[in-house]
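# Fold and contact review
As a plain string of letters, each chain reads:
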Amino acid sequence: MGGYLKRLASSLGAYQVANIVGKLFGIVLIPVYTGRIDPGGYGIAETLMTFVILVSIVVRLGIIEAFLRFHYSDADPDRRAALARRAVGFLLLTTTAACTVLIIPADPLARLITSVPAAGPYRVAVLGIWAFTNLELGQALLRVDERLRAYATVTLVNVVGTIAASVLLVLVLHRGYEGLLLGNYGISTLVLLGLWWSERGRLWPRRPVPGVESLRTLFRFGLPTVPAEASVYALSVVDRQYLVHQQGIAAAGRYAIAVKVAGAIVFVVTAFQYAWPPLAYSVADDGDAARLYGLVATYYVLVTGTIVCGLTLEARYIIAFLAPHPGYLAAYTAVPWLSLGWALYGLWVIFLVIAGRAQVTRRNALAAAAGVLVNLGLLVVLVPVLGIAGAGIALCGAYLAMLAVMYALLRRVFPVAFEWRRLAQSVLVCSALAVAGSLTLPATGPAGLLLRAVAFVLILPVLALSRFFTPVELAGGRRLLARLRR
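Residues numbered from 1 in each chain as written. Predicted model: local features only at pLDDT ≥ 70, side-chain atom pairs only at ≥ 80, totals over all residues. Heavy atoms only, no water.

### Digging into the overall build of the protein chain
Of the regular secondary structure elements, the protein chain holds 21 helices and 0 strands. Counting the 486 residues in the protein chain, one finds 53% classified as buried. Accessible area of the protein chain: about 21100 Å², with a carbon and sulfur share of 69%. Within the protein chain, the 21 negative side-chain charges are centred at a point lying 4 Å from the centre of the 41 positive side-chain charges. (Helix = DSSP H or I, 4+ residues; strand = E, 2+ residues; numbered from the N terminus. Buried < 20%, exposed > 50% of the residue type's maximum accessible area, 1.4 Å probe, protein only. Areas by Shrake-Rupley, 256 points an atom, 1.4 Å probe, with all protein chains shown as cover. Lys, Arg positive; Asp, Glu negative; His and termini not counted. Charge placed at Lys NZ, Arg CZ, Asp CG, Glu CD.)

This is the structure we're talking about:
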């Protein structure tokens with residue numbers, strides 16, 4: 001079990017490198033961008049970026065998920081290479097066809113999505129669909145081989161190039177929010193072409209290899225994941241669309257800034273989303289897998305719960321520092337809920353792997369549909385009263401509904417040894433400190449900042465006093481501290 005956790009930690013490290021760099025630069029540049037782009041323009045850019053990801057999930061038709069699953073079904077390198085060629089070639093055809101169709105009605109679709117004329121930025125977003133989708137599969141080629149250094153290099157080049165191009169376009173060339181889109185998807189296109197070239201030995205067409213999964217087999221596994229995954233990501237689209245049309249594009253801009261601040265959770269969840277499936281599927285024994293999945297869920301809740309608590313306590317200070325423009329200040333109200341929502345999404349990823357291992361992916365759609373319905377209902381009820389905070393609460397409610405339905409559907413198919421006591425301890429301690437600190441401690445001034453930081457630091461000691469950690473974990477922690485002191 002320890003070996004699997006070390007592999008997961010190593011993978012998380014590689015997948016976090018680019019995320020950490022991107023989030024750090026993203027945070028540093030928030031004051032720069034918000035000083036030159038008003039909340040409305042920022043809202044347009046972020047709304048189009050969510051549109052890109054949603055369409056990407058649909059047009060790939062589950063082929064990436066199927067590739068990840070069936071790569072491990074045969075150890076023969078020729079068959080694995082043939083599977084990669086089949087997946088890459090198919091995805092190239094589908095994305096090119098879909099983007100050709102989407103680019104034609106640019107004016108009406110841009111107005112529908114953003115509520116304002118934005119045909120030019122919309123066309124850049126369509127390029128983003130093509131580049132983002134194909135790059136996801138290109139990176140998956142590196143992930144299944146656990147080529148962590150290569151993966152980190154590709155993602156770092158993408159992140160650093162995007163940042164440089166965006167700064168040039170926004171600050172020097174004054175392209176505003178359109179510059180953010182151009183910098184993002186233009187560089188991704190170049191990185192994709194470079195990755196294809198570096199993998200040309202694997203991807204260059206060859207004679208057919210017998211025994212490779214057919215497209216029909218890939219679709220049988222992958223297609224049922226599309227409604228569920230699209231429904232899940234639709235949660236990030238529906239709330240922005242509802243805000244755009246119910247409270248205006250500026251509200252969507254403030255919501256987008258809150259999402260950026262919640263990035264401390266997002267980069268952990270994204271890294272986990274990439275690192276977890278290859279490791280989880282590689283565990284051959286079902287008993288070992290059930291124990292590992294439960295243990296990973298415990299650690300995941302501990303880490304993300306701690307981060308959510310910290311963001312909740314310091315949200316107002318973070319927003320005031322990063323986005324001093326008065327139009328963005330109210331974004332702090334949504335930060336706690338968006339952070340919690342993203343943390344819950346990581347638990348959803350664990351259940352997706354359970355369904356994939358049991359090969360019952362059709363059940364995912366039922367849970368996702370329940371989440372969408374709950375999200376829509378809560379948006380209608382809460383947003384008119386609470387604004388962007390209501391949208392964040394609706395997101396949390398949706399994920400909780402999805403997790404409850406998914407657990408009910410899978411607990412008999414593949415029982416996982418969840419550590420319920422320790423899960424409850426993490427949730428109770430983190431939420432108690434976050435709520436108590438938010439309600440009782442000062443919300444302005446240096447004293448409030450310091451006292452809230454103290455409340456955050458208390459999380460691990462309180463958990464230790466409540467006997468959350470096992471003797472083996474405590475001994476491992478002491479050994480780690482001893483090494484750090486040398």
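### Observations regarding helix H18 (residues 420-440)
The periodicity of an α-helix, 3.6 residues per turn, causes residues three or four places apart in sequence to face the same way. Here H18 spans 30 Å end to end across 21 residues, near enough to the 30 Å set by a 1.5 Å rise per residue. Inspection of H18 places Arg 422, Leu 423, Gln 425, Ser 426, Val 429, Cys 430, Leu 433, Ala 434 and Gly 437 among the buried residues, and these make up the whole buried set. Along H18, the residues classed as buried sweep out an arc of 165° about the axis, all on the same side. Turned more than 90 degrees away from the buried face of H18 sit Trp 420, Arg 421, Leu 428, Leu 439 and Thr 440, all of them exposed. (Expected span 1.5 Å × (residues − 1). Arc of directions from axis to C-beta.)

### Some details on the packing of aromatic side chains
According to the stated counting rule, one finds 11 aromatic pairs in the structure shown. Relative to Trp 196, the ring of Trp 130 lies with its centre 5.9 Å away and its plane at 90°, an arrangement referred to as edge-to-face. Here the residue Trp 130 occupies a position in helix H6 (residues 119-144), and Trp 196 occupies one in helix H8 (residues 176-198), the gap between them amounting to 66 residues. Pair check on accessibility: Trp 130 and Trp 196 agree, each one buried. Grouped by ring-pair contacts, the aromatic residues Phe 351, Tyr 407, Phe 418 and Trp 420 constitute a single cluster. Positioned above the aromatic ring of Trp 197 is the side chain of Arg 200, whose terminal nitrogen or guanidinium carbon lies 4.1 Å from the ring centre. (Phe/Tyr/Trp six-rings, centres within 6.5 Å; stacked < 30°, edge-to-face > 60°. Lys NZ or Arg CZ within 6 Å of the ring centre and 35° of its normal.)

### What to know about the nonpolar core
Counting residues in each nonpolar core, the largest one holds 137 residues, and the members touching the most others are Phe 67, Tyr 122, Trp 276, Tyr 293 and Ile 354. Filtering out sequence-adjacent residues up to four positions away, Ile 354 remains in contact with Tyr 293, Leu 410, Phe 414, Val 416 and Phe 418. In this structure, Cys 430, Leu 433, Ala 434 and Leu 463 belong to the second largest nonpolar core, which totals 11 residues. (Core = buried A, V, L, I, M, F, W, Y, C linked by side-chain atoms within 4.5 Å. Contact = heavy atoms within 4.5 Å.)

### With respect to a nonpolar patch on the surface
A surface patch of nonpolar side chains, amounting to about 320 Å² of accessible area, comprises Leu 450, Val 454, Leu 458 and Val 462. Mapped onto the elements, Val 454 comes out in helix H19 (residues 445-457). (Patch = residues over 30% accessible without salt bridge, like charges linked within 9 Å, V, L, I, M, F, W, Y side chains within 5 Å. Salt bridge = Lys/Arg side-chain N within 4 Å of Asp/Glu carboxyl O.)

### Structural notes on the side chain of Thr 47
Looking at the element boundaries, Thr 47 is found in helix H2 (residues 39-59). For Thr 47, the residues in contact, after removing those within four places along its chain, are Ile 113, Gln 241, Val 244, Ile 249 and Ala 252.

### Focus on H19
Taking 1.5 Å per residue, 13 residues should reach 18 Å; H19 reaches 19 Å between its end C-alpha atoms and fits that length. Inspection of H19 places Gly 448, Arg 452 and Ala 455 among the buried residues, and these make up the whole buried set. End-on view of H19: buried residues confined to an arc of 55°, all on one side of the axis. More than 90 degrees from the buried face of H19, the exposed residues found are Pro 446, Leu 450 and Val 457. Buried-residue contacts for H19 involve helix H14 (286-322), H18 and helix H20 (459-465).

### Quick word on the side chain of Ser 339
With respect to the element layout, Ser 339 can be found in helix H15 (residues 335-358). Excluding anything up to four places from it in sequence, Ser 339 contacts Ala 262, Ile 265, Val 308 and Leu 311.

### What to know about the packing of H14 against H18
Direction vectors running N to C along H14 and H18 enclose 0°, while the axes themselves pass 9 Å from each other. One finds that H14 runs roughly parallel with respect to H18. Side by side, H14 and H18 meet where Leu 295, Ala 297, Thr 298, Val 301, Leu 302, Gly 305, Thr 306, Cys 309, Thr 312 and Leu 313 of the first sit next to Arg 422, Leu 423, Ser 426, Val 427, Cys 430, Leu 433, Ala 434, Gly 437 and Ser 438 of the second. Within the contact of H14 with H18, the residues separate by chemical class into 11 nonpolar, 7 polar and 1 charged. (Axes fitted to C-alpha atoms, helices over the stretch in contact; angles between N-to-C directions. Parallel < 35°, antiparallel > 145°, perpendicular 65-115°, else oblique. Nonpolar A, V, L, I, M, F, W, Y, C, P; charged D, E, K, R; others polar.)

### Brief notes about the pattern of salt bridges
Throughout the structure, instances matching the rule amount to 7 salt bridges. Between Glu 178 and Arg 175 there is a salt bridge whose closest N-O contact spans 3.6 Å. Taken together, the salt bridges that share partners define one network made up of Glu 46, Arg 240 and Lys 260.

### Quick look at the packing of H6 against helix H7 (residues 148-172)
The contact between H6 and H7 brings their axes to 8 Å, and the two run at 155°. On the basis of the axis angle, H6 is roughly antiparallel to H7. Packed against H6, whose contacting residues are Leu 135, Gln 139, Leu 142 and Arg 143, the element H7 presents Ala 150, Tyr 151, Val 154, Thr 155 and Asn 158 at the interface. Looking at the contact of H6 with H7 residue by residue, the class counts come to 5 nonpolar, 3 polar and 1 charged.

### Topic: the state of the cysteines
Taken as a whole, this structure holds 0 disulfides when the rule is applied. The structure places no disulfide on Cys 309, whose sulfur is separated from the nearest cysteine sulfur, that of Cys 430, by 5.7 Å. By relative accessible area, Cys 430 is classed as buried at 5%. (Disulfide = S-S within 2.5 Å.)

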